[in-house]
Amino acid sequence: MKDNSILVIVARFLIPLVMLFGLYVQFHGEYSPGGGFQAGVLFAAAWILFVLIYGLETGLRVIPLRVIYSLGCLGVLLYCAVGLMGVILGGRFLDYQPLLATPQAAQQAGIILVEFGVGVTVASVVMMIFLQFARRRAQSQAAGLELDQEQDRS
Amino acid sequence: MVLLVLLLVVGTAVVLTRDLLKATMLFAIYSLTIAGLFVILDAGDVALTEAAVGAGISTILILATLALVPAREHRQRGHNRPALLIVFVTGAALVYAVSDLPEFGSADNPVHQHVGPYFIEQTYPDMGIPNMVAAVLASYRSIDTMGEAIVILTAGIAVFALLSVPPRRRQRAPDAKTRSRDEG
Amino acid sequence: MSIELIIQVIAALMLGIGGIFAIIGGIGLMRFPDVFTRLHAGSITDTLAPLLIIGGLVLLVGFDLLTFKLLAILFFLLFTTPVASHATARAALAAGVQPLGEDTRGTGASTSKS
């Protein structure tokens, strides 16, 4: 679809806008409806739009496969690391009190870090599920196997 | 009220249709209607999540799955009468139990008595952020959110484990295939 | 006849006409015979109705931060709704759906350059 100039121009306008809005929703999760889950889904949707227009190989050159796999795990590890920091610095697991000086700043810092971890995990998992489905279809066609739908079309 | 009626109609249509593409589009409309209902009930975070995940990503992923499977659902033969009886009895019992619940949204519900007022009053003095939902999710009940993130990662790993094996040519008996095509 | 009353009446008219256009678009989506005629009905009214509705809301709000948010939503909708119908029409043409009519001269997807 990348030789269709209408779609390319509008995608070139929309994809950065969607990513920016995803980052806005992520970091304003404390003041307005938002947070990690919604932001991760929005960011992954921007990448999926890019793949739909420019193809899967170009999409994988922008965000490589290893990066997607490792970011998914790193998000959860960030969450657990914030929890263990609470234990190391003298509190309980996932206790945000010992992180910074004032209690309110410590809670806010803990919430921002934790939501960022959740957002990164959700974005990379949604991207990975989509690219697994897309690669499966490409592999089926390349191996010459007839798909089920062509046989069952009655 | 209109949205609830629309929800019932769309839900019935999703169950009754057998064309999978129509069912996907109806499911997207269902998610959007639920998001509208959440906005009416003043739940901003949930509405945003439902609209983004249900009407956006879920539709894309189901369409990506539909590229790999047959386009229509197989017709189920016969009725399963004991199952129908059990479902009917359970549904009637649940509807009878709903009439026993306290009034929706009244201030002296047991739900609103114990930790609800504590969260509403203490979120801003404790944390300094106005969004109570984010505070409850990420700080008061933080271990649950860690469990949710781990569940999402496990789902991703499961999809990866299922789909990363390259497809092989399946051995299929030709007369079984023609028999199912005559029935369906 | 103060100026606020006139603005409120105009805003109410715009909201009402926007809603009526949306309903007409919905009826057209159901009653037209073909994919392409349905797209014609759906996309034109689907672009015009949000324009009128959000215009009415902007008139009601006045000049506030909310105005810019509403205009941003309108901008986004104006960009994506026609592109979505264009993509649907191209997909229908690529799937082989022929437009209705007596003198269709083989409008295939291979002959269109954009």
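The structure displayed is predicted, hence computed values, not measured ones.

Parameters and conventions
- Residues numbered from 1 in each chain as written.
- Chains lettered and ligands numbered in written order.
- Predicted model: local features only at pLDDT ≥ 70, side-chain atom pairs only at ≥ 80, totals over all residues.
- Helix = DSSP H or I, 4+ residues; strand = E, 2+ residues; numbered from the N terminus.
- Contact = placed C-beta atoms within 7 Å.
- Rg over C-alpha atoms; globule rule 2.2 N^0.38 Å.
- Buried ≥ 20, exposed ≤ 12 C-beta atoms within 10 Å, placed from the backbone.
- Nonpolar A, V, L, I, M, F, W, Y, C, P; charged D, E, K, R; others polar.
- Core = buried A, V, L, I, M, F, W, Y, C linked by C-beta atoms within 7 Å.
- Domains from an automatic or database assignment.
- Axes fitted to C-alpha atoms, helices over the stretch in contact; angles between N-to-C directions.
- Parallel < 35°, antiparallel > 145°, perpendicular 65-115°, else oblique.
- Left-handed = near helix turned anticlockwise from the far one by under 90°.
- pLDDT = per-residue confidence, 0-100.

**Section: the overall build of chain C**
Next, step 1: When helices and strands are counted, chain C shows 3 helices and 0 strands.
Next, step 2: Of the regular secondary structure in chain C, the N- to C-terminal order runs α-α-α.
Next, step 3: Contacts in chain C between residues at least 24 apart in sequence constitute 63% of all its contacts with a sequence separation of at least 6.

**Comments concerning the overall build of chain B**
Next, step 1: Of the regular secondary structure elements, chain B holds 8 helices and 0 strands.
Next, step 2: Walking chain B from its N terminus toward its C terminus, one meets helices and strands in the order α-α-α-α-α-α-α-α.
Next, step 3: In terms of C-alpha radius of gyration, chain B reaches 23 Å, well past the compact-globule figure of 16 Å for 184 residues.
Next, step 4: For chain B, the spread of C-alpha atoms along the three principal axes comes to 70 × 45 × 30 Å.
Next, step 5: When the 184 residues of chain B are sorted by exposure, 16% land in the buried category.
Next, step 6: Contacts in chain B between residues far apart in sequence, at least 24 positions, make up 39% of those at least 6 positions apart.

**Some points on the interface of chain C and chain A**
Next, step 1: With 5 residues of chain C in contact, the opposing surface of chain A contributes 7 residues.
Next, step 2: Here the residues of the side of chain C that touches chain A sort into 3 nonpolar, 2 polar and no charged.

**Brief notes about the nonpolar core**
Next, step 1: Ranked by internal contacts, the top residues of the largest apolar core, which has 51 residues, are Val 41, Ala 44 and Val 126 of chain A.
Next, step 2: Looking at this core, you find at least three residues from each of domain 1 (1–72) and domain 2 (115–168) of chain B.

**Section: the packing of helix H4 (residues 65–88) of chain A against helix H7 (residues 142–163) of chain B**
Next, step 1: For the pair H4 of chain A and H7 of chain B, interaxial distance at closest approach is 10 Å and the crossing angle is 160 degrees. Here H4 of chain A lies roughly antiparallel to H7 of chain B, going by the angle between them. Pair H4 of chain A / H7 of chain B crosses with left-handed handedness. Contact with H4 of chain A, carried on its side by Gly 72, Cys 73, Gly 75, Val 76, Tyr 79 and Cys 80 of chain A, involves Met 146, Ala 149, Ile 150, Leu 153 and Gly 156 of chain B of H7 of chain B and no other residues of that element.

**Quick word on the interface of chain A and chain B**
Next, step 1: Taken together, the contacts link 54 residues of chain A with 46 residues of chain B.
Next, step 2: Mapped by element, the contributors of at least two residues to the side of chain A that touches chain B are helix H2 (36–54), H4, helix H5 (103–142) and helix H6 (148–152) of chain A.
Next, step 3: For the side of chain A that touches chain B, the leading source of residues is H5 of chain A, giving 23 residues.
Next, step 4: Here the residues of the side of chain A that touches chain B sort into 28 nonpolar, 19 polar and 7 charged.

**Brief notes about the arrangement of the chains**
Next, step 1: The pair of protein chains exhibiting the most contacts, out of 2 pairs of chains in contact, is chains A and B.
Next, step 2: No part of chain B reaches chain C; the closest C-alpha pair between them is 14 Å apart.

**Observations concerning the confidence of the model for chain B**
Next, step 1: With 91% of its residues at a pLDDT of 70 or more, chain B has an overall mean of 83.
Next, step 2: Taken together, the stretch residues 176–180 of chain B has pLDDT below 50 and engages in 2 contacts with residues farther than four places along the chain or on a different chain.

**Remarks on the packing of H5 of chain A against helix H3 (residues 44–66) of chain B**
Next, step 1: One can describe the packing of H5 of chain A onto H3 of chain B by two numbers: an axis separation of 9 Å at closest approach and a directional angle of 20 degrees. The orientation of H5 of chain A relative to H3 of chain B falls into the category roughly parallel. Judged by the sense of rotation from one axis to the other, the crossing of H5 of chain A with H3 of chain B is left-handed. Taken together, the residues of H3 of chain B that come into contact with H5 of chain A (itself represented by Val 126, Ile 129, Phe 130, Phe 133 and Ala 134 of chain A) are Ile 57, Ile 60, Leu 61, Ala 64 and Thr 65 of chain B.
Next, step 2: Its residues assigned to classes, the contact of H5 of chain A with H3 of chain B shows 9 nonpolar, 1 polar and no charged.

**Side note on unusual backbone geometry**
Next, step 1: Backbone geometry places Leu 94 of chain A, a non-glycine residue, at a positive phi of 60 degrees.
Next, step 2: Looking at the secondary structure, you find Leu 94 of chain A in the loop between H4 and H5.
Next, step 3: Owing to 21 C-beta atoms within 10 Å, Leu 94 of chain A belongs among the buried residues under this scheme.
Next, step 4: Despite not being glycine, Asp 42 of chain B shows a phi value in the positive range, around 65 degrees.

**Considering the confidence of the model for chain C**
Residue and element names in this part refer to chain C.
Next, step 1: Looking at chain C, pLDDT values average 84 and 89% of them are 70 or higher.
Next, step 2: Within chain C, helix H3 (residues 65–95) has the poorest average pLDDT of any element, 89, and helix H1 (residues 3–31) the best, 91.
Next, step 3: Considering only residues more than four positions removed or in separate chains, one finds that residues 109–114, a stretch of pLDDT under 50, has 6 contacts.
Next, step 4: Interface confidence in the predicted complex, given as ipTM, is 0.86; pTM for the same model is 0.83.

**Observations regarding the environment of Val 83 of chain C**
Next, step 1: Among the structural elements, Val 83 of chain C can be located in helix H3.
Next, step 2: Measuring from C-alpha to C-alpha, the distance between Val 83 of chain C and Leu 100 of chain C comes to 23 Å, with 17 residues separating the pair along the chain.
Next, step 3: When residues no more than four places from it in sequence are discounted, the contact partners of Val 83 of chain C are Ile 6, Leu 7 and Val 10 of chain A.

**Things to note about the environment of Phe 27 of chain A**
All names here are of chain A.
Next, step 1: Summarising the element assignment, Phe 27 is placed in helix H1 (residues 5–27).
Next, step 2: Judged by local crowding, Phe 27 falls into the partly exposed class, with 16 C-beta atoms found within 10 Å.
Next, step 3: Once the C-alpha coordinates of Phe 27 and Cys 80 are considered, the two residues, 53 residues apart in sequence, prove to be 20 Å apart.

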